[in-house]
Protein chains: 2
Amino acid sequence: MDRRPALLALALATCLLPSLAPAATPYRSAQQILEAAPDRDWRTPDPANLLYMDLPAGRVIIELAPQFAPRHVANIQTFAHEHFWDGTSIYRSQDNFVVQFGDADADDAAKARPMGSAQKKLPAEFERATAGLKVSPLPDPDGWASRTGFVDGFPVGQDTKDGRTWLAHCYGALGAGRNNDEDSSVGAELYVVTGQSPRQLDRNITVVGRVLKGMELLSAVPRGPAPMGFYADPQQRTPITAIRRASDVPTAERTPIQVLRTDSKTFADTVEARRNRVDDFYKRPAGHIDLCNIPVPVR
Amino acid sequence: MDRRPALLALALATCLLPSLAPAATPYRSAQQILEAAPDRDWRTPDPANLLYMDLPAGRVIIELAPQFAPRHVANIQTFAHEHFWDGTSIYRSQDNFVVQFGDADADDAAKARPMGSAQKKLPAEFERATAGLKVSPLPDPDGWASRTGFVDGFPVGQDTKDGRTWLAHCYGALGAGRNNDEDSSVGAELYVVTGQSPRQLDRNITVVGRVLKGMELLSAVPRGPAPMGFYADPQQRTPITAIRRASDVPTAERTPIQVLRTDSKTFADTVEARRNRVDDFYKRPAGHIDLCNIPVPVR
C-alpha cells in the first residue's frame, strides 16, 4: 500500500520504456499544489450569497447554496437583510453533532421575534434533480450515497438511479432546523455540523450552505449541559452580534475571501495528494478518501 | 427507503401467513433499547486500564487497549503511576482534527520532564493479527478497510486478506504522537481525535485507547492560533491537574462507569436502530451506518 516502491517501479519502467509509460511526477503535498495554483482556479463568491455571522470572538463566513435550496436561501437573505438575528444567540451546542442558533424563544408565541417580510411557510428542499448541475464526482466508494462529489464547492451525495442530488452533512454544513413535519423549516433556526458527519440526516433536512471560514469559533463553543446540548441558563449562550449579507455590508468592511474551484485540476490534485500521501510521516497511504474528509481550500 | 411502509407490508404478511413470516417487532429507538438492556450486557472496565485525566473543568475517562498496543499501554500505565503528566497541559487544539497533550517541552532536552522508569524506545504497534480477537463485524461497506467492527468496545478496521486488525481513528480515539520514524512514539505525548474521523491515520500511528466519558471537555478546548493548532502563548494552554490510573485512585474517589458490551444483541440492536431510524422525524432512513457514527454507550 505504500506508494513509494510503486513510484520507484514506475520510474524504472519509464527509463526502460519511455514511449509507453508516462513520466512519474514527484509527489507534491496538497499545500504545495495550492501554492502553485493559477489565479483562475480561485473563485470569488457572490457577496449576495455570503453571510457574515459576527460573534464577540470574531467573524464566521458562510456561503449559501441557492442552487439547492432557493426558497430557504431567499428567506435567509430576507432575515439577514432585516436584522432578524442581530442580538440572538447560539443556544445549543451538542458534542460531536451541531451548534444551533437563532431565536431561542421561537417556540414561545409571546416572546418570539417577528419574522418581518420573510415567508412563514416553505416547502422542504432536501434534494434536487441532478440535471442542470455540474458535478465533479469522486471515484471513492461511499456507504450513504451511490455517488458523491462536489458542486460549486459544496460536497454532495447523489442517487444515480433516481437522478437526485443533495448537499451532504459534512463538517461545517449549514442546515435549516425543523420540527417533525418535513416542511416545518423556514430558515430562522439554523445549525452547523461540528462533529463526525451525521450523514443520516442527508435527504431529511434542508441544507442551505456551508461555513467557509471561522468554524473554530463555532466548534469550540462550550457544550450545553442540558439534553441535546441546550443551555438551561440563558447566560451560557453565545451572543450573536449580527448576521448580515456581505452585499449589505459596505465594501470597506467586507472580508476578502476566495474559494478553490472544485471543478479545477488543482482541486482534483489536492484530493489525490490526500488520498495517497507520500511523505516522511505516512507509512501506508490510505488509497481512499471520504467525501467529508476533503477540505475545500479558501484564501 | 422509508421503512414504515415495508413494516406495514410485513405486518400484513404476518397476518396472512403467520407460519412463514416472523412477527414484525415495533421500532424501538436506541435509547429505548438501552433502557431495556439486561445488566449482563454492561461490562465494568478493569480499573488498571482506565485513566482519569483531571482538568480544571472536570474528569475525562479513558479506556486503554492493551490487546492492541501492549507495550505502549504498559508505558502509559507507568507514566500515570509515576505522575509524569501531573501539571502538564493540552498544548495543541487543531480544529476538526485533534487535541494533543503531555509535556510541551518534550523536544527541549534542557526542559523535558524525566521519563522515570518508562521505556525510552518502543516498537510501533499500528496493528495486530486478527487471530485471537473476538470481533463483532459490521455489515456496512467501508472505504478505508475491507471490514470494520468492534472488539471489546473499540471500533476497528480489518484487512481480511492479510489478517490484520487495527484500532480505527474515530472521534475520541487516543493515539500516541510520533515523529517521522514509525517507532518514535513512547506514549508520553498523546492526542485525542476531536473532528471528522481521520481514518487516513489508521495503520500509521499506534492507537492506544479511547475516551469513554468527558469528550466535551476536550473537544471544546479553544483552537490554538499557531500552525497545526499549537498555542504560541503558553498561557493559552489548558492545564492538566493529573492523569492517574483508576486503580491507583482510592476506591471512594473513583467514578463508576460501565460500557455496553459490543458483542451483545443489545448493542447490535442499537446499531440497527440508528442505521434505519423509524420515527416521526426521519423521513428516509439511511439504510447504512459508518463505523465512526456509532456511539458505544456508557452509563
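Residues numbered from 1 in each chain as written. Chains lettered and ligands numbered in written order. Predicted model: local features only at pLDDT ≥ 70, side-chain atom pairs only at ≥ 80, totals over all residues. Heavy atoms only, no water.

What to know about the state of the cysteines
Residues and elements named next belong to chain B. Counted by the stated rule, this structure contains two disulfides over all chains. Disulfide partner of Cys-170: Cys-292, at an S-S distance of 2.0 Å. Since a negative S-S torsion denotes a left-handed disulfide, the Cys-170-Cys-292 link at about -70° is left-handed. In this pair, Cys-170 is assigned in the loop between strand 10 (164-167) and strand 11 (173-176) and Cys-292 in the segment after helix 5 (265-275), connecting sequence segments 122 residues apart. In this pair, the class of Cys-170 matches that of Cys-292, namely buried. (Disulfide = S-S within 2.5 Å. Helix = DSSP H or I, 4+ residues; strand = E, 2+ residues; numbered from the N terminus. Buried < 20%, exposed > 50% of the residue type's maximum accessible area, 1.4 Å probe, protein only.)

Remarks on the UniProt feature "domain: PPIase cyclophilin-type" (unreviewed entry) in chain A
Under the local residue numbering, the UniProt record ascribes the feature "domain: PPIase cyclophilin-type" (unreviewed entry) to residues 56-245 of chain A. For residues 56-245 of chain A, helix accounts for 9% and strand for 31%, while the C-alpha atoms at its two ends are 18 Å apart. (UniProt positions renumbered as here; feature names shortened; annotations may be inferred.)

Focus on the pairing of strand 9 (residues 154-159) of chain A
Residues and elements named next belong to chain A. Most of strand 9 sits inside the fold, with five of its six residues counted as buried. Note: strand 8 (residues 147-151) against strand 9, five bridges, orientation antiparallel. Residue pairing in the sheet places Val-151 in a bridge with Phe-154 of strand 9. Following strand 8, the chain reverses through two residues before pairing antiparallel with strand 9; Asp-152 in that reversal takes a positive phi of roughly 50°. (Pairing = 2+ DSSP bridges.)

Regarding helix 3 (residues 70-81) of chain B
All names here are of chain B. The end-to-end C-alpha distance of helix 3, which contains twelve residues, comes to 16 Å, matching closely the 16 Å that a straight helix rising 1.5 Å per residue would cover. Looking at the buried residues of helix 3, the elements they touch are strand 2 (50-55), strand 3 (58-64), strand 11, strand 12 (190-193), strand 13 (207-213) and strand 15 (242-245). Looking one or two residues beyond helix 3, the residue adopting positive phi is His-83, at roughly 65°. (Expected span 1.5 Å × (residues − 1). Contact = heavy atoms within 4.5 Å.)

Observations concerning the sheet that holds strand 9 (residues 154-159) of chain B
Residue and element names in this part refer to chain B. Pairing is antiparallel across the open sheet formed by five strands, whose spatial order is 6-10-9-8-7. Each end of this open sheet is capped by a strand with a single partner; those strands are strand 6 (128-129) and strand 7 (136-137). Relative to strand 8 (residues 147-151), strand 7 runs antiparallel, the two being bridged by two bridges. The partner of Ser-136 across the bridge, within strand 8, is Phe-150.

Some thoughts on the interface of chain B and chain A
In this assembly, 41 residues from chain B lie in contact with 41 residues from chain A. Between chain B and chain A lies a buried interface of about 3500 Å² when both sides are counted; carbon and sulfur atoms form 50% of it. Taken together, the connections running from chain B to chain A amount to two salt bridges. At the boundary of chain B with chain A, the tally comes to 20 residue pairs in polar contact (both at pLDDT 80 or more). Per-class residue counts for the side of chain B that touches chain A are 16 nonpolar, twelve polar and 13 charged. (Buried area = accessible area lost by both parts, 1.4 Å probe. Salt bridge = Lys/Arg side-chain N within 4 Å of Asp/Glu carboxyl O. Polar contact = N/O pair within 3.5 Å; in protein donor to acceptor, adjacent residues only side chain to side chain. Nonpolar A, V, L, I, M, F, W, Y, C, P; charged D, E, K, R; others polar.)

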